[in-house]
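Examining the three-dimensional arrangement
Below are the chains, spelled out letter by letter.
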Amino acid sequence: MYNDIISSYSDIVSYNANNFSSIDLDYSWSFSDKTIKDTAYITHNYYTYPAKFIPQLVSRLINTYTKEKEIVVDPFMGSGTTIVESMVNKRYACGVDINEIAYLISKVKTTPLDIELLKKEYLKLEEKLTNYSIFAEKDILIKSKNIVPDNDRIDYWFKPKQKEELSLIFYSIFEIENIDIRDFYLVAFGQILKTASIWLQKSIKPTRDMKKKEHDSYNLFLAQAKRMIKRHEIYNSMLDKDFFDNIDKYRKIKCGDSRYIPLEDGEANFIVTSPPYVTSYEYADLHQLPSLWFGYLNTLPEFREKFIGSSYKNRDDIDKIDLKSNIVIETIQKFEKNKKKIREIKNYYADMLESFIEMKRVLKDKGKAAIVIGNTQFKNVDILNAEIFCEQMINIGFKVFDIIHREIPSKMLPSTRDSVTGRFAKTSSTDKLVYPTEYILIMEKS
């Protein structure tokens, strides 16, 4: 245990920050024996979501630090990995995420559904889309066009034929009366948008490929929906009957700010989360296609502004905030000529500090928080997220219970940066590995 090494602010200063990298790797936490199929079991593969941790990691943490019917929280819920694993492991689950797409995905992945009704609606969709592919009546075409948000970015990413097919799918989904079933098919729709667009398929960054093959959107959607139905049937079977029948009793999720967790003081037993990184607003770019179609995105700068640490955010109080970390101050000093990056760093660690304060509020005494985070580099400056988080949490009343250093062989995350710009980029054009390993900070509320 590392609580004997780092138990106070003075200890973490004397325990040189660079020593985090010298903590031995615990290969039992790498799960390198798990295949993509293993990590995408039940509902975990519904949507290609960036930076999600694997369910095996979450399951192990939950089963190590909690008992059945205890409360597990994820303040950066993402695509709902923690919520799914809490459900199938018989834990109460609470999750928050600022991204509407994340909330929708998490809701669909964890809601027990009537499989027969899902299949019935699937057959209706299949019949409609088969007919549309042969002949779509003029009034249906008009109605389907009218349901699509009026945003030039949709025309930027989709050719006319693709847009028409997707519009008809979109319209057909909204004819489904049952909201939970409708949301299920909206997630299937969101998952196919990258393939159905002119977004360069192998690129993480939003890059257009004007020569990209045009896929049959109807077939893409129906195939994705069929896969999801099979997975949901398995998910249903893994749920305890009481959880199945009373989902809203055991699951509390919302689209909102990580600094406002919907729990009373001292109510939670355990927190497990993988927070966004300093440039988290870049992730907004990766969600822009479904966000455009679902009406969540007006302009990209406006969309990015709400994400944690965004340089598009203006906090008037930022220079007055004590960030509770000498390492942050040292990091900022290395960017003295880059005012935008300094603002990003200050915004990010101020937001994270406030999130940690909220985590402490909802945790029981002696309750623990598992923070999964890696260090990175920007313009050859080390960004020591793990050390900074540890320092911030110690300074607000946590103590270190354990620090686990793990490889991340299967974490779905943009893995390289350009060493000059510091931005995520294609592997072929970069020379900086972003997150080869990461840390799990097990922090205890003291």
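Cut-offs used in this document
Numbers given for residues are sequential positions, taken from 1 along each chain in its written order. Where totals are concerned, whole chains, interfaces and linings use all residues; where local detail is concerned, this predicted model gives features only for residues with pLDDT of at least 70, and gives and counts side-chain atom pairs only at 80 or more. Excluding hydrogens and water, the side-chain values take into account all heavy atoms of the structure. The helix and strand labels rest on DSSP assignments: H or I over at least four residues marks a helix, E over at least two residues marks a strand, and numbering proceeds from the N terminus. When a residue's accessible area, from a 1.4 Å probe over protein chains only, is under 20% of the maximum for its type it is buried; when over 50% it is exposed; and in between it is partly exposed. What makes two residues a contact is simply this: any of their non-hydrogen atoms within 4.5 Å. Accessibility throughout is a Shrake-Rupley quantity obtained with a 1.4 Å probe, and a residue counts as covered only by protein chains that appear here. Residue-level confidence of the predictor, termed pLDDT, takes values from 0 up to 100. A helix's residues, less one, multiplied by 1.5 Å, set its expected span. Arc definition: it is the arc formed by the directions from the helix axis to the C-beta atoms. Identification of polar contacts relies on pairs of N or O atoms within 3.5 Å, with a donor-acceptor requirement for protein atoms, meaning one able to donate a hydrogen and the other able to accept it, and with residues adjacent in sequence counted only if both atoms are side-chain atoms. Here an axis means a line fitted to C-alpha atoms, over the contact stretch when the element is a helix, while the angle between two N-to-C directions is reported on a 0 to 180 degree scale. By the definition adopted for this analysis, an angle is roughly parallel if under 35 degrees, roughly antiparallel if over 145, roughly perpendicular if from 65 to 115, and oblique otherwise. By definition, two strands form a pair when at least two bridges between them are found by DSSP. By definition here, a salt bridge exists when the distance from a side-chain nitrogen of Lys or Arg to a carboxyl oxygen of Asp or Glu is within 4 Å.

1. As for the overall build of the protein
- Looking only at helices and strands, the protein features 19 helices and 11 strands.
- Looking at the protein residue by residue over its 446 residues, the buried ones come to 57%.
- Taking the intrachain contacts of the protein between residues at least 6 apart in sequence as the baseline, contacts between residues at least 24 apart amount to 79%.
- For the protein, the accessible surface area stands at approximately 19300 Å², while carbon and sulfur atoms represent 49% of it.

2. Considerations on the environment of P409
- Here P409 is to be found in the loop between strand 8 (398–407) and strand 9 (416–417).
- A C-alpha to C-alpha distance of 8.1 Å links P409 and F31, two positions 378 residues apart in sequence.
- Discounting chain neighbours no more than four positions away, the residues touching P409 are S30 and S32.

3. What about the confidence of the model for the protein?
- With 86% of its residues at a pLDDT of 70 or more, the protein shows a mean pLDDT of 87.
- Scored below 50 in pLDDT, residues 411–417 makes 41 contacts in the model with residues more than four places away or belonging to other chains.
- Confidence drops under a pLDDT of 50 for residues 427–431, and excluding neighbours within four residues, the segment shows 8 contacts in the predicted structure.

4. Remarks on the side chain of D97
- Here D97 lies in strand 2 (residues 92–97).
- With residues up to four places along the chain from it excluded, the contact list for D97 reads Y49, F76, M77, G78, A102, K254, C255 and G256.

5. So, helix 11 (residues 217–238)
- Here helix 11 spans 32 Å end to end across 22 residues, near enough to the 32 Å set by a 1.5 Å rise per residue.
- Along helix 11, the positions that sit buried rather than exposed are S217, Y218, F221, L222, Q224, A225, M228, I229, H232, Y235 and N236. For helix 11, the arc enclosing every buried residue in end-on projection is 160°, short of the 170-degree limit, so these residues lie on one face. Seen from the open side of helix 11, the exposed residues pointing more than 90 degrees away from its buried face are K230 and S237.
- Between a side-chain oxygen at the N-terminus of helix 11 and the backbone nitrogen of Y218 the separation is 2.9 Å; the capping residue is D216.

6. Describing the packing of helix 9 (residues 160–173) against helix 10 (residues 179–196)
- Contact geometry for helix 9 and helix 10: axes closest at 10 Å, N-to-C directions at 170°. On the basis of the axis angle, helix 9 is roughly antiparallel to helix 10. Along the contact surface, helix 9 presents Q162, L166, I169, F170 and I173, while helix 10 presents R182, Y185, L186, F189, I192, L193 and A196.

7. Quick word on the sheet that holds strand 11 (residues 437–445)
- Spatial ordering of the open sheet is given by 3-2-1-4-5-11-8, a layout of 7 strands whose pairing is mixed. Looking at which strands have only one partner, the edges of the open sheet turn out to be strand 3 (251–255) and strand 8. Ignoring strand direction, the axes of neighbouring strands in this sheet form an average angle of 15°.
- Bridge analysis of strand 1 (residues 71–74) against strand 2 gives 4 bridges, and the strand direction is parallel. Bridge pairing links V72 to A93 in strand 2.

8. Focus on the pattern of salt bridges
- Under the definition given, this model contains 23 salt bridges.
- Close ionic contact of R251 with D248 constitutes a salt bridge, the shortest N to O distance being 3.5 Å.
- Looking at D248, the relative accessible area reads 62%, which means it is exposed.
- One salt bridge connects R361 with D265, and the closest N-O pair in it is separated by 2.6 Å. Of this pair, R361 sits in helix 18 (residues 339–362) while D265 sits in the loop between strand 3 and strand 4 (268–273), and the two are 96 residues apart along the sequence.
- Of the residues examined, R361 reaches a relative accessible area of 27% and is grouped as partly exposed.
- A network of salt bridges, in which partner residues are shared, links D257, R259, D351 and E354.

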